[in-house]
Every structure is written in C-alpha cells, then in structure tokens.
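What follows is each chain in one-letter form.
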Amino acid sequence: MRYEMVHGWQIPKVGFGTWTIGGQGAPDPAGDAGSLAALRSALELGYTHFDTAESYAAGHAEELLGRAIRELGAPRQTLLITSKVSPQHLSYDQVLTSCENSLRRLGMEYLDLYLIHWPRMGMQLEETFRALNQLVRSGKVRRLGVSNFSLKLLQQAAALSETPLLTNQVSYSIPDRTYRHNGVLDYCQQHDILLTAYSPVKRRNIKSNPAIQAIATARGVSRQQVALAWLTTQPRVITIPMSSDPQHQAENLHAADLVLSAAEMEQLGG
Ligand SMILES: NC(=O)c1ccc[n+]([C@@H]2O[C@H](COP(=O)([O-])OP(=O)(O)OC[C@H]3O[C@@H](n4cnc5c(N)ncnc54)[C@H](OP(=O)(O)O)[C@@H]3O)[C@@H](O)[C@H]2O)c1
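Residues numbered from 1 in each chain as written. Predicted model: local features only at pLDDT ≥ 70, side-chain atom pairs only at ≥ 80, totals over all residues. Heavy atoms only, no water.

Student: Any chance you could explain the packing of helix 3 (residues 92–106) against helix 4 (residues 125–137) here in plain terms?
Tutor: The angle between the axes and the distance between the axes are what describe a pair of packed helices. Relative to each other, helix 3 and helix 4 sit at 40 degrees, their axes nearing to 8 Å. In the crossing of helix 3 with helix 4, the sense of the turn from one axis to the other is right-handed. Residues Tyr92, Val95, Leu96 and Cys99 of helix 3 form the contact with helix 4, whose own contacting residues are Glu127, Thr128, Arg130, Ala131, Leu132, Gln134 and Leu135. (Axes fitted to C-alpha atoms, helices over the stretch in contact; angles between N-to-C directions. Helix = DSSP H or I, 4+ residues; strand = E, 2+ residues; numbered from the N terminus. Left-handed = near helix turned anticlockwise from the far one by under 90°. Contact = heavy atoms within 4.5 Å.)

Below, the structure is given as structure tokens:
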C-alpha cells in the first residue's frame with residue numbers, strides 16, 4: 001500500500017466506500033448478511049480507511065461497519081474512520097447531535113475524519129465550523145474535511161477550520177475531471193489538502209475507453225485497476241472505491257501500488 005503523508009498523518013491511497021452497505025436511502029436489513037460479508041472481507045484484505053456517512057442507509061451503514069469491526073476484533077487505532085454530516089444538519093446543535101449519533105451507531109469513541117457531506121444554499125459555514133472545531137477540541141473528531149465543495153467554499157472552509165483541513169471528497173475519475181477544471185485539485189495540491197476521489201470506477205466510460213483497455217492489457221491488470229492507478233499516481237489524491245466482491249476488493253487495494261508512467265498518464269488524457 002502507498003500512502004499520502006499530510007500534516008503528520010499517513011493516509012492509505014486506497015480506502016473503502018460504504019454507499020449501498022446496509023441499504024441506500026433507507027435501511028434494507030434483508031441485505032445485512034451480504035453487507036457484513038463485504039465489510040468482513042475488506043477488513044481481512046487489509047483495508048484500513050473506511051468512508052461512511054449518517055445518510056448512508058439512514059445510519060445503518062455506520063451500524064454495520066461498527067459491527068463488522070467489533071466482530072473481527074480490528075484494533076480501533078489501526079483504522080481510519082470517516083463519516084459525514086448531512087447538509088440538513090449544519091446548525092451548531094445539529095452538528096454536535098449528528099456526530100454523537102454517528103459515534104453511537106459505530107460504537108466508537110471518536111471519528112478520525114468528519115466531513116460536511118454537501119454544501120447547502122444559505123448555510124452558515126461559520127456556525128457549522130464552530131461546532132466542528134468544538135468536536136475536535138473535545139476529542140470526538142480528530143480532523144475535519146468537506147465534500148462536494150467548490151474552490152471558493154473550500155477556501156472559506158480552510159480558513160474556518162482551527163486544525164488543517166484534511167480533505168475535500170469529490171467525484172473524480174478519468175471521465176469526470178470537473179474538480180480539476182474548477183481549480184480544486186490545484187488548490188488541494190498547493191495547500192496539503194487531500195482530494196478524496198469518490199465514484200472512481202462507477203462510470204460506463206471506464207469499460208469502453210480504449211486507452212484504459214490498452215494499458216490494462218499491456219500491464220496484465222483490470223481496467224478498474226488502471227482507473228484507480230490514474231488517481232493514485234497523482235500527488236495528494238486518494239480514493240475510496242466500493243465493492244462487495246472480494247476479488248474486486250483485492251484488485252482495488254493492489255491498484256494503490258500501481259504507479260503509471262508519464263507516458264501512460266498522457267495516454268489517459270494527462
Ligand atoms: N461524498 C459524496 O457525496 C459521495 C458520493 C458518492 C460516493 N461516495 C463515497 O465513495 C464511495 C465509492 O463511490 P461509489 O460507490 O459511488 O462508486 P465506485 O466505487 O466507483 O463504484 C462502485 C461500483 O463499481 C463496481 N466495482 C468496484 N470495483 C470494481 C472492480 N475492481 N471491478 C469491477 N467492478 C468494480 C462495484 O461492483 P461490485 O460490488 O460488483 O464490485 C460497484 O457496482 C462510496 O461507497 C461512498 O463511500 C461519496
């Protein structure tokens with residue numbers, strides 16, 4: 001596994017997403033056995049960074065993640081747990097309550113990373129950060145971040161966070177370069193903020209892109225591994241693919257060690 005070192009933290013280049021674990025917008029207990037099996041195999045394979053949110057399966061993803069970790073006896077200090085507060089919970093009191101609820105569902109005493117999941121029109125970012133900074137001071141959260149933030153909002157958030165803002169989690173992949181074109185990636189790289197790429201392999205283009213296929217064939221790896229390597233080859237970029245298939249999970253983890261050459265990056269559009 002390769003890592004990003006930022007502000008004294010060592011963060012794995014590839015972590016594990018939990019969207020669809022436990023359901024989608026609402027809990028789907030019928031899928032619990034499958035969700036727990038997916039989390040168990042991810043932990044056994046050696047994933048240490050898990051990304052979740054209070055909105056995933058309305059909190060049930062957090063419950064299952066906590067349960068899988070306890071059942072396997074994975075030491076808490078070896079893991080990096082990210083959760084997110086939803087945009088409808090950004091007032092001072094709501095942030096504190098949302099965090100307490102996430103900790104209760106996870107069965108944990110602290111979160112490593114706590115993010116604002118989405119910005120909301122008219123949000124009072126100062127008030128939200130007053131609560132987030134309070135959570136860091138009280139030890140319930142170790143570091144703060146944001147998600148789906150434009151460059152302007154990211155700059156505001158970085159100024160309001162009392163501890164260095166650790167990440168902006170955004171959609172970023174070979175077919176979706178919005179956050180490179182809008183200046184967010186450059187800003188992150190210049191200010192030691194991680195860009196956490198979500199939905200790294202989801203798009204259909206990954207399967208039909210001839211340049212991805214050519215590199216995958218030449219290297220004897222899968223197209224998804226090339227798509228992940230395109231991300232992890234870039235400085236200050238980490239990613240959190242989700243898979244319920246243990247073979248895909250293993251492939252994704254190993255993609256962290258695949259460093260593409262400058263020529264290969266060029267073939268993929270830079
Ligand atoms: N902050 C936000 O607003 C936000 C938004 C979206 C997502 N996220 C986070 O980012 C995580 C990842 O994003 P995502 O779940 O949208 O998309 P993703 O990880 O890019 O794609 C997941 C899909 O790709 C398949 N897949 C994964 N690895 C594969 C491989 N090696 N070979 C073939 N298929 C593979 C999975 O199927 P199999 O199960 O069959 O492998 C699954 O259908 C989420 O789980 C969530 O934690 C955050």
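Once the structure has been displayed, the description carries forward.
Student: Could you clarify how one ought to interpret the packing of aromatic side chains in this entry?
Tutor: The way to describe two aromatic rings as a pair is by their centre distance and the angle between their planes. Counted according to the given criterion, the structure contains 4 aromatic pairs. A centroid spacing of 5.2 Å and a plane angle of 70 degrees characterise the contact between Phe16 and Tyr47, whose relative ring orientation is edge-to-face. Pair noted here: Phe16 is in strand 3 (residues 16–17) and Tyr47 is in the loop between helix 1 (32–45) and strand 4 (49–51), with a separation of 31 residues, a long-range link. Tyr47 sits in the buried class, given a relative accessible area of 2%. Cluster of aromatic residues (ring-pair linked, three or more members): Phe16, Tyr47 and Phe50. The side chain of Arg76 reaches across the aromatic face of Tyr110, ending 4.0 Å from its centre. (Phe/Tyr/Trp six-rings, centres within 6.5 Å; stacked < 30°, edge-to-face > 60°. Buried < 20%, exposed > 50% of the residue type's maximum accessible area, 1.4 Å probe, protein only. Lys NZ or Arg CZ within 6 Å of the ring centre and 35° of its normal.)

Student: What is the right way to read the pattern of salt bridges from this model?
Tutor: Where charged atoms from two side chains of opposite charge come close, those side chains can pair. Summed over all chains, the structure comprises 12 salt bridges. Close ionic contact of Arg142 with Asp112 constitutes a salt bridge, the shortest N to O distance being 3.0 Å. With Arg142 in strand 7 (residues 141–147) and Asp112 in strand 6 (residues 111–116), this residue pair connects regions lying 30 residues apart in the sequence. The partly exposed category is assigned to Arg142, whose relative accessible area is 39%. Accessibility expressed as a relative area gives 1% for Asp112, which makes it buried. (Salt bridge = Lys/Arg side-chain N within 4 Å of Asp/Glu carboxyl O.)

Student: Whenever I open this one, the sheet that holds strand 3 confuses me. Can you help?
Tutor: Pairing within the open sheet is parallel, and its 8 strands lie in the order 3-4-5-6-7-8-9-10. Here the strands that pair on one side only, and so sit at the sheet edges, are strand 3 and strand 10 (237–239). Relative to strand 5 (residues 80–85), strand 4 runs parallel, the two being bridged by 3 bridges. The partner of Asp51 across the bridge, within strand 5, is Thr82. Each of strand 6 and strand 7 is contacted by helix 4, which is oriented at about 150 degrees to strand 7, the strand it contacts most. (Pairing = 2+ DSSP bridges.)

Student: Mind showing me how you'd approach the pairing of strand 7 here?
Tutor: The side chains of a regular strand alternate, first on one face of the sheet and then on the other. Counting buried residues in strand 7 gives 6 out of 7 residues, a clear majority hidden from the surface. Bridge analysis of strand 6 against strand 7 gives 5 bridges, and the strand direction is parallel. Residue Tyr114 lies in a different strand from strand 7, and its bridge partner there is Leu144. Bridging between strand 7 and strand 8 (residues 167–171) involves 3 bridges; their strand directions are parallel. Bridged to Gly145 within strand 8 is Thr167. Once the chain exits strand 7 it traverses helix 5 (residues 151–160) before rejoining the sheet at strand 8, and the crossover so formed is right-handed. (Right-handed = clockwise from strand over helix to strand, strands pointing away.)

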